[in-house]
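Structural overview
Spelled out, the chains give:
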Amino acid sequence: MLATCVWGATFLIIHVAVQYTGPWFFVGMRFITAGLISALLFARVLKGLTLKEIWAGVAIGVMIFFGYGLQTAGLQTLNSSTSAFISALYVPLVPLLQWVVFRKRPGLLTWIGVALAFFGLILLADPGSVGFTFGSGEIVTIISTLPIAGEIILIGWFAGKVHLGRVTVVQLLVAGLLGFLTVPIVGEQIPEFSWVWVIASVALGLASCMIQLAMNWAQKSVSPTRATIIYAGEPVWAAIIGRIAGDRLPPIAILGALFIVIGSLISELRPPKSSDASAQEKATS
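Residues numbered from 1 in each chain as written. Predicted model: local features only at pLDDT ≥ 70, side-chain atom pairs only at ≥ 80, totals over all residues. Heavy atoms only, no water.

Focus on the packing of aromatic side chains
Counted according to the given criterion, the structure contains 7 aromatic pairs. Between Phe-31 and Tyr-68, the ring centres sit 6.0 Å apart and the planes meet at 55°, which makes this aromatic pair tilted. Note that Phe-31 is positioned in helix α2 (residues 23-41) and Tyr-68 in helix α3 (residues 51-74), a separation of 37 residues in sequence. When its relative accessible area of 3% is taken as the criterion, Phe-31 is described as buried. (Phe/Tyr/Trp six-rings, centres within 6.5 Å; stacked < 30°, edge-to-face > 60°. Helix = DSSP H or I, 4+ residues; strand = E, 2+ residues; numbered from the N terminus. Buried < 20%, exposed > 50% of the residue type's maximum accessible area, 1.4 Å probe, protein only.)

Here it is in structure tokens:
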């Protein structure tokens, strides 16, 4: 829960930082910093880096780059609360992408969750007209949820097959390098020195590294379903912190945010299997 609180706070930090620097330069600074910190932490095991771990790190790093790069670009025009709730759409997207990639057909609750989350998105992103017209910030943030969901699937795919520390170092460095390489491609200018983006990039680099380690440690004793329910609190923390900082969402947008959180939670619920139900009945009797 503490990691989720810190995670939610990053939206406001990024929103402030991108007022002083371009999004892709900031992404480069953030993840290069995180990569260097993780390299120091796992320096003793880096010598055993294998080709498979390099490919795993590159694949996950590309997803991180696109996911958080687009999310950062969206935060140039979106407030931190709105961005956080839209980003929560990655939760119901994960089972849908698993259906496309691994042919694991999602259940009824997943479809209900996706529908609720989509309805909430309409209310949150366009509360004035309640229609289907989204601004550029909303659009790029919506797109960012696809690679973020892809990152989660890839991490699950490689889990247990590679060394977590070595892959973490590679993926963070790849994401940071791609961020810097994108700067000249999109015509972004190197920002003037400012302690705002320097402190923000170092703080987020440290947070990105520490949060990942905390999640990996905590999920040894917390089930994936319960962990996902806890992670769904991320946009709620972001909204609370954004509110303190001055964000003001209209009531209909708050309703939309609530639908997104509920949809995300429902999409992760799994009905008890018949065998489990029978066992429970026997235990009760």
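Now, onward.
A few points about the side chain of Glu-151
Within the fold, Glu-151 resides in helix α7 (residues 136-158). Of the side chains with opposite charge, Arg-30 comes closest to the buried, unpaired Glu-151, at an N-O distance of 9.1 Å. Glu-151 has contacts with Ile-60, Met-63, Ile-64 and Tyr-68, leaving out every residue within four places of it along the chain. (Lys, Arg positive; Asp, Glu negative; His and termini not counted. Salt bridge = Lys/Arg side-chain N within 4 Å of Asp/Glu carboxyl O. Contact = heavy atoms within 4.5 Å.)

A closer look at the packing of helix α4 (residues 80-87) against α7
Direction vectors running N to C along α4 and α7 enclose 35°, while the axes themselves pass 9 Å from each other. Once α4 is placed against α7, the crossing between them reads as right-handed. Facing α4, whose interface residues are Ser-83, Ile-86 and Ser-87, α7 presents Glu-138, Thr-141, Ile-142 and Thr-145. Across the contact of α4 with α7, the residue classes break down as 2 nonpolar, 4 polar and 1 charged. (Axes fitted to C-alpha atoms, helices over the stretch in contact; angles between N-to-C directions. Left-handed = near helix turned anticlockwise from the far one by under 90°. Nonpolar A, V, L, I, M, F, W, Y, C, P; charged D, E, K, R; others polar.)

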